[in-house]
Amino acid sequence: MSGRQNNKLPNNLPQLQNLIKRDPQSYTEEFQQQYRHYQSNVQIFKLQPDKSNRELGDLVMFLAQVGHCYLQHLSTFPQELTELLLNHHTVLDPDLRMTFCKALILLRNKNLINPTGLLELFFELLRCHDKLLRKTLYTHIVTDIKNINAKHKNNKVNTMLQNFMYTMLRDCNPLAAKISLDVMVELYTRNIWQVVNDAKTVNVITTACFSKVTKILVAGMKFFLGKDEGEKNESGSESEGEGPTARDLMVKYNTGKKSSKNKKKMEKAMKVLKTHKKKKKVEVFNFSAIHLIHDPQDFSEKLLKQLEASKERFEVKIMMMELISRLVGIHELFLFNYYPFVQRFLQPHQREVTKILLCAAQASHQLVPPEVIQPVIMTIANNFVTDRNSGEVMTVGINAIREVAARCPLCITEELLQDLSLYKTHKDKNVMMSARGLIQLFRSLNPQMLLKKDRGRPTEASAETKIQDYGELGAKDYIPGAEVLDEELNEEEDEKDDGWEVASMSEGDDDEDGEWVDVHHSSDEDTTEMAEKLKSMPVEERRAKAAVVSGSRLLTQEDFKKIRLAQMAKEVSAAPGKALKRKAVEIDEDDEGESRGEILTLRNIEKLHKKPKSDKDTRLATAKAGRTEKKDHVRKRTKLNPFASTSNRDKKKTKNFMMVRHSQNVRSKGKRSFRDKQISLRDALIKQKKMHK
């Protein structure tokens, strides 16, 4: 009978818990007995709350497990647990405190507690110096709020929780404030609070950027500098039919006479198509939190003031500079004191100088007066782009100047641009390609600033380019390139008939020869003819025609496709009256087609076209890593006694030649006949073969 002692229900809580869940009514008396036992243990606990009480913890977990079976009896149980934690959480035993919290989480999962009161209690418990407890509470808070908003957004609960978290963010306890900030960031990044109150959440997190606690300060800045998951899943679902494809260009240039001139035109058109596809990529706003700040000007000014007086580590200062530069660049703010501050750090020997150059480029935009940014560009040119520096330093400097000039073209002078363009023939390939990238940039922005030999062959697109003055906007009341659609509306049916006739004729040829036949598209020919007619038309007449077409008809996707095709043709065809007199300088296509979004990356500054040469230590380490050990191919000779001396035969192998030159063996070697040498070589080979068997 001793084996049945475990079946006594009053002493076996797990078994009683299992039976109660199966049939609650049959075990009501046993439950009430345990509940009275719990109440007596609570009274004892209140006398000495700092002592461990394992029996009380077991009873609390038992009542939490069966709480849904006896709702009337346990109506006050959650409130009692909450009061015990609120009154004694600082002196409670860690294991007992964790047990109480797990019991409340269990009751909340069974929907027996109001979430608002429980979450407020857990935020209060974040002040405890118990890392495991804080981690458990953090996980439950995020998961519970996510489950509350799973089916539909519970705005009432969200508003109450947000207001409470905002007060916790200003709490004097840094641990509680830091975890509250982490909860808000986590809920925002999971799109739980990104519907109604997203701007409110973002603007409360901005207050964390002025905290005196470094961890909270860094967490707040990482929220604005960090990237969302959208960047990892870059949109590769770009619709193919929204513009001219490579097949359209092949049909256009391969129809008609085959010549090397048309072949070169098609190759250049393919390059332009590749460039346009890169520019046309839909920009993913991974930094939407920065766009939701209510007053970015005031926020950036306060950050700059804090940065100037900051005594934090250099890494934290770099983060502040990056955040300020992004605010200035995205919102196009006026923060003129920021540029002299950055200018002080623009030295080649400065730590993390590429990030500082990136900040200078990110903070430039078209609304900044050119005289404000010109000192920054001159500092970069004087300190980086000099022959006394290495090729990598010069490359970084030219890349930084190019990025600043791309965002604010008026900041660079014609004299400096022409000086930098002379590096296109530099012996270092990285410097050469960076200078050519700068030349290519100004070929599209303002070719007149370049030397005549660097402007390249003028095209129709470059002839129409005009650099805007400070504060000028290029607003247009028409669709550029719409003039090519003037005569196409009335000829759609004829084009369709022509296409069917050509297709039917080509079928018979395919059956006979079995070869590909060029299909002539009348729409492409008409577009080409219209483009040729427009070349001789004045610019003002073209604009008037485009305005008439834009305002008189609704354009379809096919119309926009033809417009883009005509605009791309302008970049290929030469300007009227300009012939090809000399071979143009080849420019890297990556620089030509590189799209510049709102956010710059270090790759824009540190872009090296040639891998830098490794130093001696690196090359030696690489050689040793690829070298096989000689010991693997040598027969290992082991001695029976490791402490024994070597034999005379082994000693002869290492003996100096001058000591053995007069010995009989050495002298007889030189006097041997050819036959003796053959025999000794044969014996040596046979012996060697036997040894390796």
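Now for a look at the structure at hand. (Residues numbered from 1 in each chain as written. Predicted model: local features only at pLDDT ≥ 70, side-chain atom pairs only at ≥ 80, totals over all residues. Heavy atoms only, no water.)

Before going further, it helps to spend a moment on the pattern of salt bridges. Per the counting criterion, the structure on display carries 13 salt bridges. The residue arginine 108 makes a salt bridge to aspartate 144 at a minimum N-O spacing of 3.2 Å. Placement of arginine 108 in helix α5 (residues 94-109) and of aspartate 144 in helix α7 (residues 131-148) is noted, with a sequence separation of 36 residues between them. With its nearest N and O atoms 3.6 Å apart, the salt bridge here joins arginine 682 to aspartate 683. (Salt bridge = Lys/Arg side-chain N within 4 Å of Asp/Glu carboxyl O. Helix = DSSP H or I, 4+ residues; strand = E, 2+ residues; numbered from the N terminus.)

Another aspect to go through is the packing of helix α11 (residues 214-225) against helix α16 (residues 314-331). Running from N to C, α11 and α16 point in directions that differ by 35 degrees, and their axes come no closer than 10 Å. Two packed elements cross with a definite hand, and for α11 against α16 that hand is left-handed. Residues Thr214, Leu217, Val218, Met221, Lys222, Phe224 and Leu225 of α11 lie in contact with α16, whose contacting residues are Val316, Met319, Met320, Glu322, Leu323 and Arg326. In terms of residue class, the contact of α11 with α16 is made up of nine nonpolar, one polar and three charged. (Axes fitted to C-alpha atoms, helices over the stretch in contact; angles between N-to-C directions. Left-handed = near helix turned anticlockwise from the far one by under 90°. Contact = heavy atoms within 4.5 Å. Nonpolar A, V, L, I, M, F, W, Y, C, P; charged D, E, K, R; others polar.)

With that settled, the discussion passes to the nonpolar core. Core analysis: the biggest nonpolar cluster contains 144 residues, and Phe122, Phe224, Met321 and Ile412 have the highest contact counts within it. Per-element tally for this core: the top contributor is α16, with eleven residues. For isoleucine 412, the residues in contact, after removing those within four places along its chain, are Ile377, Ile401, Ala405, Leu417, Leu420, Phe442 and Met449. Grouped together as the second largest cluster of nonpolar side chains are nine residues, Ala482, Val484, Val549 and Ala566 included. (Core = buried A, V, L, I, M, F, W, Y, C linked by side-chain atoms within 4.5 Å. Buried < 20%, exposed > 50% of the residue type's maximum accessible area, 1.4 Å probe, protein only.)

Taken N-terminus to C-terminus, the directions of helix α8 (residues 155-169) and helix α9 (residues 174-189) make an angle of 140 degrees; their axes are 8 Å apart at the nearest point. What the angle tells us is that α8 and α9 run oblique. Of the two possible hands of crossing, α8 and α9 adopt the one that is left-handed. Contacts between α8 and α9 pair Met165, Tyr166, Met168 and Leu169 from the former with Ala176, Ala177, Ser180, Leu181, Val183, Met184 and Leu187 from the latter. (Parallel < 35°, antiparallel > 145°, perpendicular 65-115°, else oblique.)

Glancing now at the packing of aromatic side chains. Under the defined criterion, the tally for this structure stands at 13 aromatic pairs. On the numbers, 6.3 Å between centres and 80 degrees between planes, the contact of phenylalanine 45 with phenylalanine 100 is edge-to-face. Pair noted here: phenylalanine 45 is in helix α2 (residues 28-47) and phenylalanine 100 is in helix α5, with a separation of 55 residues, a long-range link. Residue classification places phenylalanine 45 among the buried residues on the basis of a relative accessible area of 1%. Ring plane angle 55 degrees and centroid distance 6.1 Å describe the contact between phenylalanine 224 and phenylalanine 299, whose orientation is recorded as tilted. On the criterion of sequence distance, the pair formed by phenylalanine 224 in helix α11 and phenylalanine 299 in helix α15 (residues 296-308) is long-range, its members being 75 residues apart. A residue is classified by how much of its surface remains accessible, and phenylalanine 224, at 1% relative accessible area, is buried. Joined through ring pairs, the aromatic side chains of Phe31, Tyr35, Tyr38, Tyr70 and Phe77 make up one cluster. (Phe/Tyr/Trp six-rings, centres within 6.5 Å; stacked < 30°, edge-to-face > 60°.)

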